[in-house]
Amino acid sequence: MEQIDKLKEEIKELNSAAISLQNQLHDLAEGLPMHLEELPELARRTFETFSELTAKRQELKSLKSQQV
């Protein structure tokens, strides 16, 4: 159970970071072509964060199914 709680906390933090990055990416896109050079790095960070979030959610789902 402790592992599930820890994973839930990680998901909560990742979700918050992912939403923040998503908003930053949206704001940057609205202002294009200004700050165009920032786009690749921000897009990479956003992609990596959402990918990690998806993996953690799948891990949580798997752990929960093992407990049943």
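Residues numbered from 1 in each chain as written. Predicted model: local features only at pLDDT ≥ 70, side-chain atom pairs only at ≥ 80, totals over all residues. Heavy atoms only, no water.

Engineer: Before we move on, can you summarise the overall build of the protein with the specific residues and values?
Structural biologist: For the protein, the count of helices and strands is two helices and zero strands. For 68 residues, the compact-globule estimate of 2.2 N^0.38 gives 11 Å, and the protein exceeds it by more than 25% at 16 Å. By its C-alpha atoms, the protein is 50 × 15 × 15 Å across when sized along the principal axes. A buried classification covers 21% of the 68 residues belonging to the protein. Sequence separation of at least 24 residues holds for 71% of the intrachain contacts in the protein that already meet a minimum separation of 6. Taken as a whole, the protein presents about 5,200 Å² of accessible surface, with 55% of it coming from carbon and sulfur. (Helix = DSSP H or I, 4+ residues; strand = E, 2+ residues; numbered from the N terminus. Rg over C-alpha atoms; globule rule 2.2 N^0.38 Å. Buried < 20%, exposed > 50% of the residue type's maximum accessible area, 1.4 Å probe, protein only. Contact = heavy atoms within 4.5 Å. Areas by Shrake-Rupley, 256 points an atom, 1.4 Å probe, with all protein chains shown as cover.)

Engineer: Which residues make up helix α2 (residues 39-67), and what are the values?
Structural biologist: With 29 residues, α2 extends 42 Å between its outermost C-alpha atoms, agreeing within 8% with the 42 Å of an ideal straight helix rising 1.5 Å per residue. Regarding α2, the residues found buried are L42, T46, T49, L53, K56, L60 and L63. Those residues of α2 that are buried are in contact with α1 (2-30). (Expected span 1.5 Å × (residues − 1).)

Engineer: For the packing of α1 against α2, give the residues involved together with the corresponding values.
Structural biologist: The interhelical angle for the contact between α1 and α2, taken along N-to-C directions, is 155°, at an axis separation of 9 Å. In terms of orientation, α1 lies roughly antiparallel with respect to α2. Considering only the axes of α1 and α2, their crossing is left-handed. The class makeup of the residues in the contact of α1 with α2 is 16 nonpolar, seven polar and eight charged. (Axes fitted to C-alpha atoms, helices over the stretch in contact; angles between N-to-C directions. Parallel < 35°, antiparallel > 145°, perpendicular 65-115°, else oblique. Left-handed = near helix turned anticlockwise from the far one by under 90°. Nonpolar A, V, L, I, M, F, W, Y, C, P; charged D, E, K, R; others polar.)

Engineer: Residues and numbers for the side chain of T46, please.
Structural biologist: For T46, the location among the structural elements is in helix α2. With residues up to four places along the chain from it excluded, the contact list for T46 reads L21, Q22 and L25.

Engineer: Account for the environment of L14, naming residues and giving values.
Structural biologist: Here L14 shows up in helix α1. Expressed as a C-alpha distance, the spacing of L14 and Q58, which sit 44 residues apart in the sequence, is 14 Å. Not counting the four nearest positions on each side in its chain, L14 is found in contact with T49, E52, L53 and K56.

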